[in-house]
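An overview of the molecular structure
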Amino acid sequence: MLKLLSSTPWGRARRRFSSAGGVSPTMATGGQRVVDALTKAGVNTVFGIPGTHTVPIYKEMESNKESIHHITTRHESGAGYAADGYARATNGASDSLSLKSRMNALESRARYTPHQRLTNHVRRPPCTNVPDMAAVCVITGVGLTNTITPMAVALADSVPMLVISSQVPSFWSGDRSSRQYSHFVPNIEGIAASVCKPGGSFSVTSAEDIAPTILEACALARSGRPGPVHVSIPVDLLSSTTSAVGLEDTPPVTFPELSAAAHAQLEAAAAALSAAKRPVIIAGGGTAGSSTLLTQLAEALDAPVLSTVAGKGALDERHPLAAGARLHQPLARDHVLDQADALLMLGTQLSPTDYWQFKHDEEVPLQLARLSANAIHVDIDPTSLEQGGVASAGGATILADVSSACGALLTKISPSVGGDGAKVVATAKQLSDDPAAMSSNMMWDFEDEKSGGHQISKTLDALRAALPDDVPLVSDVTRIGYTALSLYESHSPNTFICE
């Protein structure tokens, strides 16, 4: 559709209008301000479906194809899931040209043979602390309700996402709100707010506020614990004109600075970890941008690292200290934790999703009470710290960005010498990956060579051998997915995406 816009009578008229003077260089339409703000915020990929109410935005995207890359989906929920997957797979890239080239490559890969697709795969960017994200552009009301489910997934998994929706004209509020308007859904901003970060659903009330609001929303989506945000713009404001200046200042992406209290807590944590004979690390999704620091910390402590689903690959699973995402494997989990005399949880909620068999009338099965003061939980989100169970068990909860915390710990701990962390990990893997143990735990036959479990194991081995390290493997929450958690090695962060 975007390629055809300029050849339509409307597109030709727009060119004549612009060449004849049209909008002053110091003025811009609301749709142009959307595109200007996205570009300023470094959001250069948009997923969506063009619709009548969003034509002013698409009109400007068509004129700015070098800075904004649009991908049309078949359904609004698909646009939301695509933006979710994009944020996970790009893993914090900020180079707009490389991002565009990767997305162009993704669209063209269907022309290649399977072998060519593997050898011409899209390269993923290195990690940075500022998460990259895509935008979703949907129409008024029902277009947004179709996007609610992927927004809820992004909220649960701390994935940054910007959803822009049109809204009924601004004059339609008040006493007209009970009358039906095309695609109108009552209280749509409240519906969106329920699946956004706190304070993350914005309603624009003037054309002048379009760009500043989008910039504020983008900063919020990426700051602290990332998550989805929503901006609602009345359709009349998208077509109106406003000042084309005023984007010099961009709200910063912020992460909590290490407070004096956090520094003191990290000092105590470093002492406890240094004194421990067998410390263990549980790495959650918050470690994905801190892979190098996590590796250095694990090596300094000689600490086995168990990963959550979201943290899989944060420590290269070929590393001798990487026990992998085996929290759902009791034999591996218990072998590691039973010997632990200190536990460091980094950037994780420890959700029941990380477990395969779980009793719904009990809490997540960790040994926090036994470890007491030697249990330490670091997270950027206060809610995760409150609900993680460490505080109630007498341990320490530290509000901090994982990168900052790991960096501080590395300057304070005394490196371990002559530990047996690698031996503990090797035994744990041997115990849990034994075909008889897998059959018992996964309720699936892994022993018979013709069985489903055995065949999927062979398939995962073949995939690992064929796929480049930086190509993500995507799984649903299924028995096959939980099998892959154990048996499919991830060599870098965000290369195993479980929805």
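Described in the following lines is the structure provided in the data block. The structure displayed is predicted, hence computed values, not measured ones.

1. Comments concerning the pattern of salt bridges
Counting across every chain of the model gives 12 salt bridges. Salt-bridge contacts for D433 lead to R326; the nearest nitrogen and oxygen are separated by 2.7 Å. With D433 in helix α19 (residues 421–433) and R326 in the loop between β11 (322–324) and α15 (330–338), the pair connects residues that are 107 residues apart, well separated along the chain. Owing to a relative accessible area of 25%, D433 belongs among the partly exposed residues under this scheme. A residue is classified by how much of its surface remains accessible, and R326, at 5% relative accessible area, is buried. The closest approach of N and O atoms between D334 and R333, which form a salt bridge, is 3.5 Å. When salt bridges that share partners are traced, they join D316, R318, R464 and D469 into one network.

2. What about the nonpolar core?
Among the nonpolar cores identified, the biggest contains 33 residues, and I281, L297, L344, L346, V378 and I398 are the most heavily contacted of them. Of all the secondary-structure elements, those providing two or more residues to this core are α13 (260–275), β9 (279–283), α14 (291–301), β12 (342–346), β13 (375–379) and α18 (402–412). When sequence neighbours within four positions are dropped, the list of residues in contact with L297 reads I281, L344, L346, C406, L409, L410 and I413.

3. So, the packing of α13 against α18
Orientation of α13 relative to α18, taken along the N-to-C sense of each, is 50°, at an axis distance of 9 Å. As far as their axial angle goes, α18 and α13 are oblique. The hand of the α13/α18 crossing is right-handed. Residue-level inspection shows H263, L266, E267, A269 and A270 of α13 in contact with α18, the latter providing A405, A408, L409 and K412. Here the residues of the contact of α13 with α18 sort into six nonpolar, one polar and two charged.

4. Brief notes about the sheet that holds β9
Strand order in this open sheet of six strands is β11-β10-β9-β12-β13-β14, and the pairing throughout is parallel. Each having just a single partner strand, β11 and β14 (396–399) make up the two edges of the open sheet. When strand polarity is set aside, the average angle formed by the axes of neighbouring strands in this sheet is 20°. Contacting β9, β12, β13 and β14, α13 runs over the sheet at an angle of about 135° to β14.

5. Here's the deal with the side chain of S486
Along the chain, S486 turns up in helix α22 (residues 479–487). Side chain to side chain, S486 and H328 meet in a polar contact 3.1 Å long. A distance of 3.1 Å separates polar atoms of two side chains, one belonging to S486 and the other to Q329. When neighbours within four sequence positions are excluded, S486 is seen to be in contact with A325, R326, H328, Q329 and D433.

Thresholds applied
Residues numbered from 1 in each chain as written. Predicted model: local features only at pLDDT ≥ 70, side-chain atom pairs only at ≥ 80, totals over all residues. Heavy atoms only, no water. Salt bridge = Lys/Arg side-chain N within 4 Å of Asp/Glu carboxyl O. Helix = DSSP H or I, 4+ residues; strand = E, 2+ residues; numbered from the N terminus. Buried < 20%, exposed > 50% of the residue type's maximum accessible area, 1.4 Å probe, protein only. Core = buried A, V, L, I, M, F, W, Y, C linked by side-chain atoms within 4.5 Å. Contact = heavy atoms within 4.5 Å. Axes fitted to C-alpha atoms, helices over the stretch in contact; angles between N-to-C directions. Parallel < 35°, antiparallel > 145°, perpendicular 65-115°, else oblique. Left-handed = near helix turned anticlockwise from the far one by under 90°. Nonpolar A, V, L, I, M, F, W, Y, C, P; charged D, E, K, R; others polar. Pairing = 2+ DSSP bridges. Polar contact = N/O pair within 3.5 Å; in protein donor to acceptor, adjacent residues only side chain to side chain.

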